[in-house]
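# Observations on the three-dimensional arrangement
Listed below are the residues making up each chain.
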Amino acid sequence: MLKKLSKFLKRPFLFLTTTTVILTVGFTERSAQSAVLALSDENSIAAFDTSSSDPGNSGLIFWTVDDINHLFQSQFWYRVGSTSGENPINNLNLIGLNQTQPTSNMLTASYAGAGFEIELNYRLNGGKPGSGHSSLFENIEIKNTSSNPLDFHLFKYTDFDLTDNGQEDSTKIGYGMATQFDNFTLATEVIKPSASYYQVAPFPDILNALTDNLPTTLTNFPGTLTGENSYAFQWSFDLEPETFFSITNYTSIKPVPEATITLGWFIGSAALGLFWRFRRDRVS
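Position numbers for residues count from 1 along each chain, tracking the sequence in the order it is written. Given that this is a predicted model, residues contribute local features only at a pLDDT of at least 70 and side-chain atom pairs are listed and counted only at 80 or more, while totals for whole chains, interfaces and linings are drawn from all residues. By convention in this description, side-chain values take in all heavy atoms of the structure and omit both hydrogens and water.

### Some words on the overall build of the protein chain
Note the following rule: Runs of H or I in DSSP of at least four residues are treated as helices and runs of E of at least two as strands, each being numbered from the N terminus. Each residue is placed in one exposure class: buried if its accessible area under a 1.4 Å probe, protein chains only, is under 20% of its type's maximum, exposed if it is over 50%, and partly exposed if it falls in between. In what follows, a contact means two residues having at least one pair of non-hydrogen atoms within 4.5 Å. For the area figures, the Shrake-Rupley method with a 1.4 Å probe applies, and any residue is considered shielded solely by the protein chains shown.
Regarding its fold elements, the protein chain presents 4 helices and 18 strands. Looking at the protein chain as a whole, 52% of its 284 residues are labelled buried. Here the analysis covers contacts within the protein chain between residues at least 6 apart in sequence; of these, 65% occur between residues at least 24 apart. Of the roughly 12300 Å² of accessible surface on the protein chain, 55% is carried by carbon and sulfur atoms.

### With respect to the environment of Gln199
Rules: As used in this structure description, the phrase polar contact means that two N or O atoms lie within 3.5 Å; if the pair is within protein, one of them must be able to donate a hydrogen and the other to accept it, and residues adjacent in sequence are counted only when both atoms belong to side chains.
Assignment of secondary structure puts Gln199 in strand 15 (residues 197–202). The class of Gln199 is buried, set by a relative accessible area of 14%. Each C-alpha atom of the pair Gln199 and Tyr157 lies 9.6 Å from the other, and the pair is 42 residues apart in sequence. Beyond its immediate sequence surroundings of up to four residues, Gln199 is in contact with Ile173, Ile206, Leu218, Thr219, Phe221, Ser230, Tyr231 and Ala232. Only 3.3 Å separates the side chain of Gln199 from the backbone nitrogen of Thr219, close enough to count as a polar contact.

### Topic: the pattern of salt bridges
Between side chains of opposite charge, pairing is possible as soon as their charged atoms come close. Filter applied, for reference: One speaks of a salt bridge when a side-chain nitrogen belonging to Lys or Arg is within 4 Å of a carboxyl oxygen belonging to Asp or Glu.
Evaluated as defined, the whole model comprises 4 salt bridges. Note that Lys143 and Glu242 form a salt bridge whose closest N and O atoms lie 3.6 Å from each other. Of this pair, Lys143 sits in strand 10 (residues 134–144) while Glu242 sits in the loop between strand 17 (229–239) and strand 18 (244–255), and the two are 99 residues apart along the sequence. Glu189 is paired through a salt bridge with Lys156; the nearest N and O atoms lie 2.8 Å apart. Separated by 33 residues along the polypeptide, Glu189 in strand 14 (residues 185–192) and Lys156 in strand 11 (residues 150–160) bring together distant segments of the chain. Both residues of the pair, Glu189 and Lys156, belong to the buried class. Counted as one network, the salt bridges with shared partners bring together Glu138, Lys156 and Glu189.

### So, the sheet that holds strand 14
The cut-off we apply is this: Paired strands, in this sense, are two strands between which DSSP finds at least two bridges. Only the stretch in contact is used when a helix axis is fitted, and all axes are lines through C-alpha atoms; the angle between N-to-C directions ranges over 0 to 180 degrees.
In space, the 9 strands of this open sheet follow the order 7-8-9-10-18-14-13-12-16, with antiparallel pairing throughout. Every other strand in the sheet has two partners, leaving strand 7 (93–98) and strand 16 (224–226) as the edge strands with one partner each. Averaged over all neighbouring strand pairs, the angle between strand axes comes to 15°, with direction disregarded. Direction of pairing for strand 10 relative to strand 18: antiparallel, over a ladder of 10 bridges. Each residue of the ladder has a partner; that of Ser134, found in strand 18, is Ile253.

### Brief notes about the packing of aromatic side chains
Note the cut-off: Centres within 6.5 Å are what make two rings of Phe, Tyr or Trp a pair, Trp counting through its six-membered ring; a difference in plane orientation under 30 degrees is then read as stacked, over 60 as edge-to-face, and the rest as tilted.
Scanning the model with the defined rule gives 9 aromatic pairs in all. Residues Phe116 and Phe152 carry aromatic rings whose centres are separated by 5.2 Å and whose planes lie at 75° to one another, so their mutual orientation is edge-to-face. With a gap of 36 residues between them, Phe116 in strand 9 (residues 116–126) and Phe152 in strand 11 connect regions that are remote in the sequence. Here the aromatic rings of Tyr231 and Phe233 are separated by 5.9 Å at their centres, their planes lie at 75°, and the arrangement is edge-to-face.

### Section: the nonpolar core
The following threshold applies: What makes a nonpolar core is a set of buried Ala, Val, Leu, Ile, Met, Phe, Trp, Tyr and Cys residues whose side-chain atoms join them at distances within 4.5 Å.
With 45 residues, the main nonpolar core has Phe48, Tyr122, Leu154 and Phe233 as its most contacted residues. Setting aside chain neighbours within four positions, we find Leu154 in contact with Phe76, Trp77, Tyr78, Ile140, Ile142, Phe233, Gln234, Trp235 and Ile247. Residues Trp77, Phe155, Tyr157 and Leu218 belong to the second largest nonpolar core, which totals 10 residues.

### Details of the environment of Asn91
Note that Asn91 resides in the loop between strand 6 (87–88) and strand 7. Residues Asn91 and Tyr111 lie 20 residues apart in sequence; the distance between their C-alpha atoms is 8.9 Å.

### Notes on the pairing of strand 8 (residues 106–113)
The pairing of strand 7 with strand 8 spans 5 bridges and is classified as antiparallel. If you follow Leu97 over to strand 8, its bridge partner there is Ala109. Where strand 8 lies against strand 9, 8 bridges are found, and the strand directions are antiparallel. Counterpart to Ala109 in the pairing with strand 9 is Leu120. Taking the residues that link successive antiparallel strands as the turn, the strand 8-strand 9 hairpin has 2 residues, and the phi of Gly115 there is positive, at about 90°.

### As for unusual backbone geometry
Excluding glycine, residues mostly have negative phi values, and the peptide bonds linking residues are mostly trans. Residues Lys192 and Pro193 are joined by a peptide bond in cis, for which omega reads 0°. On the secondary structure map, Pro193 appears in the loop between strand 14 and strand 15. A cis amide bond links Phe203 with the next residue in sequence, Pro204, at an omega value of 5°. Relative to the assigned elements, Pro204 resides in the loop between strand 15 and helix 3 (205–210). Non-glycine residue Asp164 carries a positive phi angle of around 65°. Among the secondary structure elements, Asp164 is positioned in the loop between strand 11 and strand 12 (170–173). Located in the positive-phi region is Asn220, a residue other than glycine, with phi close to 60°. Assignment of secondary structure puts Asn220 in the loop between helix 3 and strand 16. Given a relative accessible area of 21%, Asn220 falls into the partly exposed group.

Pasting the structure below:
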């Protein structure tokens with residue numbers, strides 16, 4: 001019910017034309033206030049909600065490629081210590097929000113918490129119209145601004161609905177990569193450094209765990225699931241005063257070459273291709 005209700009409330013956003021989306025949510029040099037910003041490049045549009053009060057409707061809230069939406073939500077969550085629950089980063093104080101040109105393909109959002117700051121950078125790279133190709137590069141940096149070490153836990157939560165329908169999606173995840181596909185579309189996320197923990201589960205199991213006010217440790221579930229699923233990575237680390245911890249995520253969307261290709265082929269070819277493209281992006 002949670003997901004059905006959230007989707008119903010968000011659908012008007014997705015039915016807007018590209019031009020209307022750009023005029024509605026694209027702005028330049030936004031002040032540090034609640035905002036929804038569009039990223040746009042070639043055949044792709046993504047929307048970033050900086051501070052929604054709904055934990056199931058914040059962060060990246062859609063990603064369209066050739067006018068087809070493939071993403072329900074992607075959001076970062078955090079916890080300091082091992083006794084309290086997690087919170088989405090949009091619950092923090094938004095201290096900076098910058099997009100140098102309306103609906104450009106890059107934006108930066110900065111948040112401040114008690115003794116730490118988080119900076120999140122996005123870069124959307126679309127493909128040629130009609131190609132079905134798109135990619136998103138994310139970098140998140142956590143800085144300890146206090147005089148004491150922080151026991152920090154960061155979560156990257158993702159809920160793809162490929163080809164605008166998650167019922168037929170198959171998902172597999174490991175410490176360094178997640179792969180999800182249906183008969184038409186393949187999405188692959190490569191992360192660095194590798195996660196401490198990971199999990200894929202039927203929706204809304206992971207979201208419920210992140211919102212139950214109890215500390216969460218993902219289960220390292222190793223299997224492949226098909227249906228309405230979501231997945232998450234977790235990094236747990238000690239952050240010394242005035243030091244940084246950075247994570248990079250590279251996610252691509254592309255058409256499935258053939259509907260009969262096996263999951264093993266998907267994972268092998270996606271990992272090889274994304275490894276070299278990920279290296280090029282980091283160097284450039």
